[in-house]
Amino acid sequence: MAKELTKEDVWTVEDSEKLYRVALWGESYFYVNEEGHLAVRPILGDSIGIDVYKVVQDLRQQRIQFPLLIRFQDLLRSRVTELNTAFRKAIEESGYGNSYIGVYPIKVNQLHEVVQEILEAGRPFGFGLESGSKAELVAALPHLEDDRTLLICNGYKDWTMMRLLLIGQLLGKNVIPILEKFSELRLLLTQAAELGVRPKFGARVRVSVTGSGKWAASGGDSSKFGITISELVRLIDEVSLNGVADGFKLLHFHMGSQILDIQNLKQAVKEIARIYATLRKRGLEIEYLNVGGGLGVNYEAGEVTSPHGINYTLPEYVNAIVYTVKEVCDAENVPHPVLVSESGRALTAHHSVLIVEVIAANARENVDEPLPPGAIEHPQVAELAKLFNSLADKSVRRKSLPVLLETFHDAAEKRQDIGLLFELGYLSLEQKAAAERLYWSICTTINRMMQKRNPELLPKDLVAMKEQLTDQYLCDFSVFQSILDYWAIGQVFPIMPIHRLKEQPSRLATLVDLTCDSDGKVDRFVSPLGSKNALEVHRLVEGEPYYLGFFLMGAYQDILGDIHNLFGRVTEVHVYADAEEPDNYFIEKVIKGTTVQEILAVVQYFPNDLQRRMEQLIQQKVKDGLIRPKIGVQLLDQYSKAFHEYTYLGPDDGI
Ligand SMILES: *Cc1c(COP(=O)(O)O)cnc(C)c1O
């Protein structure tokens with residue numbers, strides 16, 4: 001009995017890990033260390049750990065401003081290895097008769113260092129790239145160092161793009177344009193003739209299965225992408241007629257990002273494999289079968305069996321592809337194609353973490369300090385104080401839910417009575433204030449006592465109470481710059497404090513950002529029930545920074561982010577693991593975030609002009625005798641300094 005009592009009373013790092021579902025969204029990479037800090041093991045199969053909070057303290061000491069994005073470059077490499085080795089394993093175990101080549105769709109995160117890191121980690125596996133626009137193609141093409149490295153180009157293509165793709169082929173590179181619509185064939189054929197290249201190409205086919213979830217429209221009959229089956233038939237006739245049928249190298253489909261249900265994928269793979277087999281039998285020597293992207297990331301931190309988020313793991317995804325293609329090809333008696341996939345999200349999401357400082361809290365008042373003498377003289381207020389003390393009583397600490405519920409009901413009733421008495425003039429303002437603080441303290445305490453319990457089994461009155469307890473934590477970041485998908489499509493991201501994790505979080509909060517936009521807030525968080533509308537956080541301590549980590553930031557968010565309210569790109573820090581270094585890491589690079597001057601230039605304001613205008617305003621006031629000339633110079637100086645500042649909040653001392 002006594003032992004159980006302590007277990008209930010003491011908050012451990014395991015409790016934090018469980019509460020924030022770290023093992024589910026963080027896979028094998030993220031954990032809470034013994035010091036109660038969030039930590040990362042970025043290297044697959046290596047136990048070397050980096051304390052994220054220590055990195056943050058280090059950066060703070062170097063006076064690097066927050067918010068900032070930490071990239072764990074090793075983790076990016078680990079994901080590339082994980083995907084490739086999973087395919088190798090499945091190919092070996094199933095006896096699949098060909099290989100796998102992945103390509104990284106750079107639209108997911110085009111940052112040069114991300115692309116380079118992926119290419120480098122992928123070199124042993126022959127990993128390539130995918131581009132979907134002119135600018136992406138221009139960026140990707142010169143990175144094909146090895147002639148065998150695959151570059152796939154999706155997206156609608158114009159004259160220039162087709163020309164560049166064929167130039168790639170002319171240089172002996174393994175570049176494959178994917179025909180997204182039938183008319184692109186003309187463009188390809190005329191330019192190939194001009195350049196004297198025997199063109200290689202592929203086609204994106206609309207499979208009839210649609211994915212599920214937010215990106216379902218990328219596949220299916222009414223998708224804006226790909227050619228229909230009847231167009232495919234025409235395409236085959238046309239290429240045979242033009243004598244370039246031997247250049248038809250690849251069949252492609254893409255169901256859309258973040259496939260939720262593995263069954264949908266299997267169906268689509270089955271369909272494309274059938275099409276492949278049919279074309280093979282007609283004598284077309286298609287080499288590659290490209291199953292697109294869509295490998296999901298567990299943002300919702302759901303169990304594989306839960307109804308929220310993706311219902312499979314990376315190995316299951318890989319097996320579904322390898323075994324399904326093998327089965328169809330064996331049944332149709334055609335050779336196994338080289339398997340290609342275009343995973344982007346699953347490779348990049350985990351490697352970056354956004355670190356945000358909480359600036360202030362709009363909190364429910366609690367009785368941290370003793371109540372003013374005389375406040376609880378009134379018997380009704382004294383009753384509330386008694387209820388509050390009963391919760392603190394150690395010997396009866398382990399309250400059963402019915403007892404907690406009863407305490408809450410009693411407190412709510414007392415509060416109502418007190419409200420009435422106040423209206424009738426029987427209570428002073430101080431007494432009413434004390435009662436309010438007592439009431440909220442009782443609720444907070446009850447909430448804390450329920451924290452380890454299964455949220456699905458809580459009485460509805462206590463769930464409603466919990467919702468009333470929510471504070472607002474003001475955070476130094478912009479939802480629109482850093483987590484656009486949260487706002488745009490309701491994607492939840494795992495968010496949690498990165499320190500104080502040995503301490504039980506005593507508050508519930510929604511997060512609000514710096515923008516002057518009521519949508520600039522986060523009020524849905526990962527939970528076993530799908531989502532919850534407040535996050536468990538710690539009480540802010542005066543003078544001590546409090547940091548939240550936003551996780552799985554590496555896919556799409558960086559590039560989708562916009563400059564609402566002129567908050568610019570955040571500072572980026574690239575961190576590598578190194579066992580020789582004191583805390584197992586070194587900071588390889590800091591890329592400073594956008595300055596005020598840079599963001600203003602985007603909307604056509606320039607320092608010279610602004611400074612001249614400001615100077616005129618000041619000179620006028622000097623002339624009017626409102627300010628002295630020396631002060632005028634200082635004011636202009638202050639104004640000019642702001643051009644070089646970060647767009648987010650600076651330190652309180654202004655340095
Ligand atoms: C966006 C896209 C991908 C990447 O999808 P993920 O879900 O990020 O893996 C792959 N292929 C094509 C054609 C795409 O448009």
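The model shown is predicted, which means the values in this text are computed figures rather than measured ones. All residue numbers here refer to positions counted from 1 along the written sequence of the relevant chain. Selection of residues for local features in this predicted model requires a pLDDT of at least 70, selection of side-chain atom pairs for listing and counting requires 80 or more, and totals for whole chains, interfaces and linings are taken over all residues. Note that water and hydrogens are dropped before the side-chain values are worked out from all heavy atoms of the structure.

Caption draft 1: Structural detail: the overall build of the protein. Think of it this way: any DSSP run of H or I at least four residues long counts as a helix, any run of E at least two long counts as a strand, and we number them from the N terminus. Helix and strand content of the protein: 23 helices and 21 strands. Dimensions of the protein along its principal axes, counting C-alpha atoms only, are 100 × 80 × 55 Å. Contacts are assigned to residue pairs with any non-hydrogen atoms lying within 4.5 Å of each other. Long-range contacts, defined here as pairs at least 24 residues apart, represent 77% of the contacts in the protein between residues at least 6 apart. Surface exposure of the protein reaches about 29400 Å², of which carbon and sulfur atoms provide 52%. Reported accessibility uses the Shrake-Rupley method at a 1.4 Å probe radius. Residues are deemed covered only where the shown protein chains occlude them.

Caption draft 2: Structural view of the pattern of salt bridges. A side-chain nitrogen of Lys or Arg and a carboxyl oxygen of Asp or Glu constitute a salt bridge if their distance falls within 4 Å. If you walk through the whole model with that rule in mind, you get 34 salt bridges. Residue Glu357 is joined to Arg60 by a salt bridge in which the shortest nitrogen-to-oxygen separation is 3.3 Å. Residue Glu357 is located in strand 13 (residues 352–362), and its partner Arg60 is located in helix 4 (residues 52–61); the two are separated by 297 residues in the primary sequence. Arg274 serves as the salt-bridge partner of Glu332, at 2.7 Å between the closest nitrogen and oxygen. Here Glu332, found in helix 12 (residues 314–332), pairs with Arg274, found in helix 11 (residues 262–281); they are 58 residues apart in sequence, far enough to count as distant. Note on Glu332: relative accessible area 17%, which makes it buried. Exposure remark for Arg274: the relative accessible area of 39% places this residue in the partly exposed category. One continuous salt-bridge network, built from bridges that share partners, spans Arg71, Asp558, Arg569 and Glu572. Each residue is assigned to one of three classes by its accessible area relative to the maximum for its type, calculated with a 1.4 Å probe on protein chains only: buried under 20%, partly exposed between the two thresholds, exposed over 50%.

Caption draft 3: Just the packing of helix 11 against helix 12, in detail. Contact pair helix 11 / helix 12: the axes reach a minimum separation of 9 Å and the direction vectors enclose 35 degrees. Considering only the axes of helix 11 and helix 12, their crossing is right-handed. Taken together, the residues of helix 12 that come into contact with helix 11 (itself represented by Ile262, Leu265, Lys266, Val269, Lys270, Ala273, Arg274, Tyr276, Ala277 and Lys281) are Glu316, Tyr317, Ala320, Ile321, Thr324, Val325, Val328, Cys329 and Glu332. Looking at side-chain class alone, the contact of helix 11 with helix 12 contains twelve nonpolar, one polar and six charged residues. Each axis is a line fitted through C-alpha atoms, taken for helices only over the stretch in contact, and angles between the N-to-C directions span 0 to 180 degrees. Two helices cross in a left-handed way if the nearer one is turned anticlockwise from the farther one by less than a right angle. They cross in a right-handed way if the turn is clockwise. Only Asp, Glu, Lys and Arg are considered charged in this grouping, and only Ala, Val, Leu, Ile, Met, Phe, Trp, Tyr, Cys and Pro are considered nonpolar; every other residue, Gly among them, is considered polar.

Caption draft 4: Quick peek at the domain arrangement of the protein. Assigned domains within the protein: domain 1 (1–73 + 352–361 + 469–593), domain 2 (98–343), domain 3 (365–465) and domain 4 (607–644). Domain segmentation is taken from an automatic or database assignment of domains. Each of domain 1 and domain 2 has a C-alpha centre, and the two are 35 Å apart. Taken together, the 27 residues of domain 1 in the interface contact 19 residues of domain 2. Summed over both sides, the interface of domain 1 with domain 2 buries roughly 2000 Å², with 51% coming from carbon and sulfur. Of all residues in domain 1, the largest losses of buried area upon contact with domain 2 belong to Leu24, Gln491 and Tyr556, amounting jointly to 28% of the total for that side. Throughout, the accessible surface (probe 1.4 Å) given up by two parts as they are put together, summed over both, is called the buried area.

Caption draft 5: Examining the site of the ligand more closely. Any residue with a heavy atom lying within 4 Å of a molecule or strand is counted as near it. Around the ligand, the surrounding shell holds 17 residues, and the nearest of these are Lys107, Ser257, Glu342, Gly344 and Tyr556. The term polar contact refers here to a pair of N or O atoms within 3.5 Å; inside protein, the definition further demands a hydrogen-donor-capable atom paired with an acceptor-capable atom, and it admits residues adjacent in sequence only when both atoms are side-chain atoms. Within the backbone of Gly344, a nitrogen or oxygen atom sits 2.8 Å from an oxygen atom of the ligand. Between the ligand and Tyr556 there is a distance of 2.6 Å, counted from an oxygen atom to a side-chain nitrogen or oxygen. When the ligand is considered free in solution it has 390 Å² of accessible area, and contact with the protein chains removes 92% of it.

Caption draft 6: Summary view of the side chain of Ser131. With respect to the helices and strands, Ser131 occurs in strand 6 (residues 128–131). Given the relative accessible area of 0%, Ser131 is considered buried. Once you skip the residues sitting within four places of it in the chain, Ser131 turns out to touch Glu136, Leu137, Leu151, Ile152, Cys153 and Asn154.

Caption draft 7: Fine view of the pairing of strand 19 (residues 546–550). Within strand 19, five of the five residues are buried, which leaves the element mostly enclosed by the surrounding structure. Of the two faces of strand 19, the one holding Tyr546, Leu548 and Phe550 and the one holding Tyr547 and Gly549 are both buried throughout. Paired strands are those between which DSSP finds at least two bridges. Where strand 13 lies against strand 19, five bridges are found, and the strand directions are antiparallel. Looking at strand 19, one finds that Leu354 is bridged to Phe550. As paired elements, strand 15 (residues 495–497) and strand 19 share three bridges and run antiparallel to each other. Paired with Pro497 across the two strands is Leu548, which belongs to strand 19.

Caption draft 8: Representation of the sheet that holds strand 1 (residues 30–32). The strand order across the open sheet built from three strands is 1-2-3, with neighbouring strands paired in antiparallel fashion. The open sheet terminates on both sides in strands that have one partner only, identified here as strand 1 and strand 3 (50–51).

Caption draft 9: Representation of the nonpolar core. Working definition of a nonpolar core: buried Ala, Val, Leu, Ile, Met, Phe, Trp, Tyr and Cys residues. They are joined through side-chain atoms within 4.5 Å. Phe30, Leu38, Ile70, Tyr104, Phe248, Ile355 and Phe550 are the most contacted members of the largest nonpolar core, which has 156 residues in total. Considering each element in turn, this core owes the most residues, ten residues, to helix 11. A domain-level breakdown of this core finds at least three residues from each of domain 1 (1–73 + 352–361 + 469–593) and domain 2 (98–343). Ignoring anything within four residues of it in the chain, the contact list for Phe550 reads Ser352, Val353, Leu354, Val356, Phe477, Ile483, Pro494, Ile495 and Leu511. Leu404, Leu462, Leu469 and Leu508 belong to the second-largest nonpolar core, a separate cluster that totals 31 residues.

Caption draft 10: Local environment of the packing of aromatic side chains. When two rings of Phe, Tyr or Trp (its six-membered ring) have centres within 6.5 Å they constitute a pair, described as stacked for plane angles under 30 degrees, edge-to-face for angles over 60, and tilted for the intermediate range. Tallying each qualifying case throughout the model produces 17 aromatic pairs. Aromatic side chains Phe30 and Phe551 sit 5.4 Å apart centroid to centroid with 70 degrees between the ring planes, which places their arrangement in the edge-to-face category. Residue Phe30 is located in strand 1, and its partner Phe551 is located in the loop between strand 19 and helix 20 (557–560); the two are separated by 521 residues in the primary sequence. Neither residue differs from the other here; Phe30 and Phe551 are each classed as buried. Ring pairing ties together the aromatic residues Trp25, Phe30 and Phe551, which thus form one cluster.

Caption draft 11: Expanded view of the sheet that holds strand 11 (residues 288–290). The strand order around the closed barrel formed by eight strands is 5-6-7-8-9-10-11-12, and the pairing between neighbours is parallel. Recorded for the sheet is a direction-independent mean angle of 25 degrees between the axes of neighbouring strands. Where strand 6 lies against strand 7 (residues 150–153), three bridges are found, and the strand directions are parallel. In the strand pairing of strand 7, Ser131 is matched with Cys153.

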